[in-house]
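A look at the structure
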Amino acid sequence: MSTSVAPSALPVVPDEDEEITGRSLRQIVWSRLRRDKTAMVCLVILILLYLIAIFAPFITSMLGVDPYSFDGESISDSGGGPIGAWGGISSEHPLGVEWGTGRDILAQLLYGLRISLLIATTATILTTFLGTTLGIISGYAGGKTDAIIGRTMDLILAFPFLLIILALSGVLTQRLTQLGVPDGNPSRILYLIIVLSIFGWPYLARIVRGQVLSVREREFVEAAVAMGAGRPRILFKEILPNLWAPILVYATLTLPTYIGTEAALSFLGIGVLPPDTSFGGMLGNSVSYFSVVPSYLFIPGTVLVILVVTFNLVGDAVRDALDPRAGRV
Amino acid sequence: MTDLSPAPRRAYIEVEDLSVQFPTEDGLVRAVDGVTFSIDKGQTIAIVGESGSGKSVTAQAIMGLVNARTADVTGHVWVDGQDIVGMTDDELRKMRGSTMAMIFQDPMSSLHPFYRIGAQLTEAVNVHNKVSKKEARDRAIEMLQKVGIPSPEKRIEDYPHQFSGGMRQRVMIAMALINSPSLLIADEPTTALDVTVQAQIMELILELQQEYNTAVVLITHDLGIVADAADQVAVMYGARVVESGVIDDIFYKPEMPYTLGLLASVPRLNQVRADRLDPIPGNPPSPIRLPSGCVFNPRCVYKDRVEGDLCATERPALLPTDLGHMVRCHMSKEDREAVATIALGTLGRETA
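Residues numbered from 1 in each chain as written. Chains lettered and ligands numbered in written order. Predicted model: local features only at pLDDT ≥ 70, side-chain atom pairs only at ≥ 80, totals over all residues. Heavy atoms only, no water.

Some thoughts on the interface of chain A and chain B
Counting from both sides, the interface comprises 22 residues of chain A and, opposite them, 30 residues of chain B. Roughly 2100 Å² of surface becomes buried between chain A and chain B when both sides are summed, with 57% attributable to carbon and sulfur atoms. Among the residues chain A hides against chain B, the three largest losses belong to A:E219, A:A226 and A:M227. Together they make up 28% of the total. Connecting chain A to chain B are 2 salt bridges. A:R233 is the partner of B:E123 in a salt bridge, and the nearest nitrogen-oxygen pair spans 3.2 Å. The interface formed by chain A and chain B holds 13 residue pairs in polar contact (both at pLDDT 80 or more) in total. (Contact = heavy atoms within 4.5 Å. Buried area = accessible area lost by both parts, 1.4 Å probe. Salt bridge = Lys/Arg side-chain N within 4 Å of Asp/Glu carboxyl O. Polar contact = N/O pair within 3.5 Å; in protein donor to acceptor, adjacent residues only side chain to side chain.)

Quick notes on the sheet that holds strand β2 (residues 27-39) of chain B
All names here are of chain B. Taken in spatial order, the 4 strands of this open sheet run β2-β1-β4-β5, and their pairing is antiparallel. Each edge of the sheet is formed by a strand with only one pairing partner; in this case those strands are β2 and β5 (82-83). Pairing of strand β1 (residues 13-24) with β2 involves 9 bridges; the strand directions are antiparallel. Bridge assignment links Q21 to a residue of β2, and that residue is R30. (Pairing = 2+ DSSP bridges. Helix = DSSP H or I, 4+ residues; strand = E, 2+ residues; numbered from the N terminus.)

So, the layout of surface pockets
Of the volumes computed, that of the largest pocket is approximately 1200 Å³. Taken together, 33 residues make up the lining of the largest pocket; nearest its centre are A:V225, B:L65, B:V66, B:N67 and B:A68. When contributions to the lining of the largest pocket are tallied by element, the ones reaching two or more residues are α5 (105-141), α9 (219-227) and α10 (231-239) of chain A together with α1 (55-63) and α2 (89-95) of chain B. Among the elements that line the lining of the largest pocket, the one with the most residues is α2(B), at 4 residues. (1 Å grid on protein atoms, 1.4 Å probe; cavity = no way out; pocket = protein on both sides within 12 Å on 5 of 7 lines; lining within 4 Å. Points joined across faces, edges and corners; volume = space filled by probe spheres on them.)

As for the packing of aromatic side chains
Under the defined criterion, the tally for this structure stands at 7 aromatic pairs over all chains. Each ring, one from B:Y258 and one from B:F296, has its centre 5.3 Å from the other, and the planes form 65°; the classification is edge-to-face. A residue pair is termed long-range when its members are at least 10 positions apart, and B:Y258 in helix α11 (residues 257-264) and B:F296 in the loop between α11 and α12 (310-313) qualify at 38 residues. One exposure class covers both B:Y258 and B:F296, and it is buried. Here a set of aromatic residues connected by ring pairs shows up, and it is made of A:F159, A:F161 and A:F199. (Phe/Tyr/Trp six-rings, centres within 6.5 Å; stacked < 30°, edge-to-face > 60°. Buried < 20%, exposed > 50% of the residue type's maximum accessible area, 1.4 Å probe, protein only.)

A closer look at a nonpolar patch on the surface
Residue and element names in this part refer to chain A. A surface patch of nonpolar side chains, amounting to about 680 Å² of accessible area, comprises V44, I47, L48, L51, I54, F55 and F58. For the nonpolar patch, the leading source of residues is helix α2 (residues 37-54), giving 5 residues. Inspection of the secondary structure assignment puts I47 in helix α2. (Patch = residues over 30% accessible without salt bridge, like charges linked within 9 Å, V, L, I, M, F, W, Y side chains within 5 Å. Areas by Shrake-Rupley, 256 points an atom, 1.4 Å probe, with all protein chains shown as cover.)

Comments concerning the side chain of A:N242
Looking at the element boundaries, A:N242 is found in the loop between α10 and α11 (244-267). A distance of 2.8 Å separates a polar atom in the side chain of A:N242 from the backbone oxygen of A:E238. Within the local environment of A:N242, its side chain forms a polar contact with the side chain of B:H112, the two groups lying 3.3 Å apart. The contact partners of A:N242, leaving out residues within four places of it in the chain, are A:Q211, A:V215, A:F220, B:H112, B:P113 and B:F114.

Quick word on the sheet that holds strand β8 (residues 215-220) of chain B
All names here are of chain B. Judged by pairing direction, the sheet is mixed, and its 8 strands sit side by side in the order β6-β7-β8-β3-β9-β10-β12-β11 without closing on themselves. The sheet is open, and its two borders are formed by β6 (100-103) and β11 (318-322), each paired with just one other strand. On average, each strand axis in the sheet is inclined to that of its neighbour by 20°, with strand direction left out of account. Relative to β8, strand β7 (residues 183-187) runs parallel, the two being bridged by 5 bridges. The residue of β8 that forms the bridge with A186 is L218. (Axes fitted to C-alpha atoms, helices over the stretch in contact; angles between N-to-C directions.)

Let's talk about the domain arrangement of chain B
All names here are of chain B. What the domain assignment lists for chain B is domain 1 (13-236) and domain 2 (252-346). Computed from C-alpha atoms alone, the centre-to-centre distance between domain 1 and domain 2 is 30 Å. Domain 1 puts 14 residues into the contact, and the matching count from domain 2 is 12 residues. Surface buried jointly by domain 1 and domain 2 totals about 1000 Å² across both partners, of which 60% is contributed by carbon and sulfur atoms. Among the residues of domain 1 in contact with domain 2, E50, L223 and V235 are the three that bury the most area, contributing 44% of the side total. The interface formed by domain 1 and domain 2 contains 2 salt bridges. The closest approach of N and O atoms between R315 and D33, which form a salt bridge, is 3.5 Å. For the pair domain 1 and domain 2, the interface holds 3 residue pairs in polar contact (both at pLDDT 80 or more). Elements with a minimum of two residues in the side of domain 1 that touches domain 2: β2 and β9 (232-237). Examining the composition of the side of domain 1 that touches domain 2, we find that 6 residues originate from one element, β2, more than from any other. Within the side of domain 1 that touches domain 2, the residues separate by chemical class into 6 nonpolar, 4 polar and 4 charged. (Domains from an automatic or database assignment. Nonpolar A, V, L, I, M, F, W, Y, C, P; charged D, E, K, R; others polar.)

Below is the structure:
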């Protein structure tokens, strides 16, 4: 579409009195992002979802629902199925109740969102930290250090990720418990975060390492060395700022992947245990009743899809804002 | 240090038999081979040569910027009695930016694109001095003023992309001189600039050199700049210095065939337009396989004046011909002068 001109591409006519001031890259990227309507809508949705997750206990108590309390009156005595259409949707239970226990689905959804976001966000932060640090060291130090980190990355990438996670979950959660992490869901959540991070960082580290290799040869780095700058300054003030773009894009695109992975792992039974729930756990439960109560599958499924899609859209928008040439073919 | 009582050094900067070699898979790359020269404070030496002659690596070696992991550096670089070669990273880091500073070829890429130039200038101050923010900022503004940036207290808040190439080179010069170094290495400081700006930048460097009494090592392939700026010239070819001396010696009494060829290939205003330039025949040597004997012998048109195959077998020494004028050539002094007369005669140049 070479003929269509996006409104954002039109030259901005500055006010006559307005003084031309320098904008930092952050300001430029933010102003580009702000012009992207999809990104802004998605960003608002994400912020809302995070707020909902953080304040889930208040919201549920305000709505008068609770994820843990059984409601025997909303399910039938014979089979345990929810009474009423659409999985028992009523004023008491806005999204219906769980088969067999009568627990409120909306409340479970909110608490599940909390756990999913907790795991995915923490794992993303940890992955980004590990990947960036090791990638920079590997790229700048070169030689033996680079070789050791590089082979470690190869080793991790070559591991059958899913198999290892499934196989080690029992042993390692137990080990975490021995280390003082409360038994049960806390240690299971921690296990997921650790495992996701350990298997996730090599991808980012490779990207960062490649970037460092090219950035460290740039003249301003040489100029800084010639000025007498020390190694930490070279690494973190000269080189690191040039890596924010790939790191940010990678992080925003990793988060939804982790939400999906966490759901998949919970579905397979590695995630949190009842009475707590996460998306994967709810989906896992719902499968058996799908033919009778499809809403039980669709409701968490839809929220999961919305979550992952908005994250991905924001990630794409961030990438476009950081590299405006990428999208315009 | 085994040398407990170093001989008193004659000049402020003394480069002694400096060699840089890069072992590669294809063989040993001799980038710099036995380079020797010296300069005092307030003086300028121009290192002239074509691409790949080793002039930039010489500059990097003087700054201690050649990576010790990938290269072998031998010889000595005495800066104020201290040998740069063999210093630890930390010792070098303390010298860089304070005692010696460097200006790079491309001002468009030598400033960090993410930081305001004020931040970069004050950082340069802070690396070597413990001063308050205000003092560092004042120093930065003062330097910008000195290099001719208008309204520096405003421009200090700007990013590099808001400056033109010439302005950025001015900022680079300000950054290099902000700690009043006694040695300034300018690695082709005007190559990436407009012709009109080139003269201004050179003038600025010379002006500040006077003010700070700095020794300047000017790396360039532009003989016009050399003629204006330098006190001494070292002509490099194939990793070696082939001729060196004070500027008038090199321009008016050159004796080495390569220098003659270099001067002959410069366009001149008094040349008839239709005339083609006189290039030096052949190609520069590969630093992996430097020619045996005199590095210039495969391209030298005068080598039949030397008996036998001396030019191809024996490496000529850099010997004095006049006071302070060194030449690396097997020809006799008479032959060299005769050859120079012929070469300069074809240029239709009046003698000095």
